[in-house]
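# Secondary and tertiary structure notes
This is what each chain is made of:
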Amino acid sequence: MKQKGTREASHAYSWYDGDPDSLSSQLDNFLGDVPSSIDGSNLPIPGAKVVIAPHAGYSYSGPCAAWAYKSLDLSKAKRIFVLGPSHTYYVHGCALTKFAKYETPFGDLTVDEHVIQELRDTGKFQDIPTRSDVAEHSLEMHLPYIYKRITQTFASEAEYPTVVPILIGDNIGAEEKEFGKVLAPYLQDPENAFVVSSDFCHWGSRFTYTAYAPEGKVEQLQSLTRKMPKPTNPPIHESIKQLDHQAMDDVASGDHDRFVDNLRHTKNTVCGRHPIGVMMAALEELAKEHPDEGKYRFKFVQYQRSSLVEDITDSSVSYASAYAIV
């Protein structure tokens, strides 16, 4: 099936600035606020061709996402896979775009038709309905950052990498492992980079998630209600942080089953849990073949929240950025 048409930048002028000059300046400022080195390595980190980054409006998560994008090594990239969750329709399995290009305020990014068709030919992937593709933000919110970083990396448009947008649906752990096996050969290819789209905890009544760890005991999680007294040991925002950091530690462990078990217990509302799970499974496949303590595991470099929750009537969304060396 031939890819057709250009997906419009439907969230420009709302979730982020649609004016290319203003947007470029904003992203430059976000990236400029990130240190020039992390973990004793200058940025971008050599070999860090996989990142986890948030997908909220740039005024909320843009500064956090900059940590992932400044770490991302695109020096050898010929294509960039973008894995995100679906917010617009229910997906079981994984789904591929039907568009030939994705618009950004800076210019269009070309979809890698050859790789999309390779994946489609496996029979394991659906196609994203056109309206859902246009409405979805989890993929789009990464495209301006991707465009910015490729212009910083490559001298001419002829060298710009293509993109491979994939929605990762509601899969159980075993299914995530299967899709991880499908993507592992692409991950091993030094000419491929990967962006995994995810926010972390969505806390509050409007998200139907008010989990709280009394005295910091995650094994004793309870759901807060408006009838309960305001908890202070710890404050709600510290409990949220604890839940997130436990999830982040399990992601960083490199053990896919451990991350799945964490979410089964805490029900933490990590919206990109399935894209993260699939990528962890793919990294595990490579780690089995090429054991190396310094590779194939995510390392988190930034954690932020939209607000610090004090009361049951408050809400917040958490953001985290990480990289993995392959």
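Details of the structure are given in the entry above.
Summary of the structure given here. Only a predicted model underlies this, so the values are computations on that prediction, with no experimental measurement involved.

### Let's talk about the overall build of the chain
- Along its length, the chain carries nine helices and 16 strands.
- Projected onto its principal axes, the C-alpha coordinates of the chain cover approximately 60 × 45 × 45 Å.
- When each of the 326 residues of the chain is scored for burial, the buried share is 56%.
- Taking the intrachain contacts of the chain between residues at least 6 apart in sequence as the baseline, contacts between residues at least 24 apart amount to 80%.
- Within the chain, one finds 32 positive and 44 negative side-chain charges whose respective centroids are separated by 2 Å.

### Topic: the packing of helix H6 (residues 173–188) against helix H8 (residues 256–266)
- Two numbers describe how H6 lies on H8: the axes approach to 10 Å, and their chain directions differ by 145°. For the crossing formed where H6 meets H8, the hand is right-handed. Of the residues in H8, those in contact with Gly173, Glu176 and Lys177 of H6 are His256, Asp257 and Val260.

### Some remarks on the packing of aromatic side chains
- Per the stated rule, a full pass over the model turns up 10 aromatic pairs.
- Measuring from ring centre to ring centre gives 4.4 Å for phenylalanine 81 and phenylalanine 194, while their planes differ by 15°; the resulting arrangement is stacked. Taken as a pair, phenylalanine 81 in strand S5 (residues 79–84) and phenylalanine 194 in strand S11 (residues 192–197) lie far apart in primary sequence, 113 residues in all. Both residues of the pair, phenylalanine 81 and phenylalanine 194, belong to the buried class.
- An angle of 85° between the planes, with centres 6.0 Å apart, marks the rings of phenylalanine 200 and phenylalanine 300 as edge-to-face. Placement of phenylalanine 200 in the loop between S11 and strand S12 (202–203) and of phenylalanine 300 in strand S15 (residues 298–305) is noted, with a sequence separation of 100 residues between them.
- According to the relative accessible area criterion, phenylalanine 300 is buried, its value standing at 18%.
- By the ring-pair criterion, three or more aromatic residues cluster together here, those being Tyr16, Tyr58, Tyr69 and Tyr145.

### Some words on H6
- Compared with the 22 Å implied by 1.5 Å per residue over 16 residues, the 22 Å span of H6 between its first and last C-alpha is a close match.
- The axis of H6 is deflected most strongly, by about 40°, at valine 182, and proline proline 185 appears within four residues downstream.
- Regarding H6, the residues found buried are Gly173, Glu176, Phe179, Gly180, Val182, Leu183, Ala184, Tyr186 and Leu187.

### Thoughts on the pairing of S5
- In terms of burial, S5 is largely enclosed, as six of its six residues are buried.
- Side-chain alternation along S5 places Arg79, Phe81 and Leu83 on one buried face and Ile80, Val82 and Gly84 on a second face that is also buried.
- Here S5 runs beside strand S10 (residues 162–168); their pairing, made up of six bridges, is parallel. Opposite valine 82, over in S10, you have proline 165 as the bridge partner.
- Pairing analysis gives five bridges linking S5 to S11, with the strands arranged parallel. Across the sheet, phenylalanine 81 pairs through a bridge with phenylalanine 194, a residue of S11.

### Quick word on the pairing of strand S8 (residues 107–110)
- By the bridge criterion, four bridges tie strand S7 (residues 101–104) to S8 in an arrangement that is antiparallel. Paired with threonine 104 across the two strands is glycine 107, which belongs to S8.
- Taken together, S7 and the strand that follows it, S8, pair antiparallel across an intervening segment of two residues.

### Some remarks on the state of the cysteines
- Going through the model one piece at a time under the given rule, you end up with zero disulfides.
- This cysteine, cysteine 94, is not joined by any disulfide, and cysteine 271 carries the nearest cysteine sulfur, 16 Å off.
- Note on cysteine 94: relative accessible area 1%, which makes it buried.
- Residue cysteine 271 stays outside any disulfide, its sulfur separated by 10 Å from that of cysteine 201, the closest cysteine.

### A closer look at the environment of serine 24
- Relative to the helices and strands, serine 24 resides in helix H1 (residues 20–32).
- Counting along the chain gives 212 residues from serine 24 to isoleucine 236, while the straight-line C-alpha distance between them is 36 Å.
- Among residues more than four places away in sequence, those in contact with serine 24 are Phe106 and Lys148.

### Structural notes on the sheet that holds strand S1 (residues 6–7)
- If you walk across this open sheet you meet the three strands as S1-S7-S8, and the pairing is mixed. Here the strands that pair on one side only, and so sit at the sheet edges, are S1 and S8.
- Here S1 pairs with S7 via two bridges, running parallel. Along S7, the bridge assignment pairs threonine 6 with lysine 101.

Conventions and cut-offs
- Residues numbered from 1 in each chain as written.
- Predicted model: local features only at pLDDT ≥ 70, side-chain atom pairs only at ≥ 80, totals over all residues.
- Heavy atoms only, no water.
- Helix = DSSP H or I, 4+ residues; strand = E, 2+ residues; numbered from the N terminus.
- Buried < 20%, exposed > 50% of the residue type's maximum accessible area, 1.4 Å probe, protein only.
- Contact = heavy atoms within 4.5 Å.
- Lys, Arg positive; Asp, Glu negative; His and termini not counted.
- Charge placed at Lys NZ, Arg CZ, Asp CG, Glu CD.
- Axes fitted to C-alpha atoms, helices over the stretch in contact; angles between N-to-C directions.
- Left-handed = near helix turned anticlockwise from the far one by under 90°.
- Phe/Tyr/Trp six-rings, centres within 6.5 Å; stacked < 30°, edge-to-face > 60°.
- Expected span 1.5 Å × (residues − 1).
- Bend = angle between axes of the 7 residues up to and from the residue.
- Pairing = 2+ DSSP bridges.
- Disulfide = S-S within 2.5 Å.

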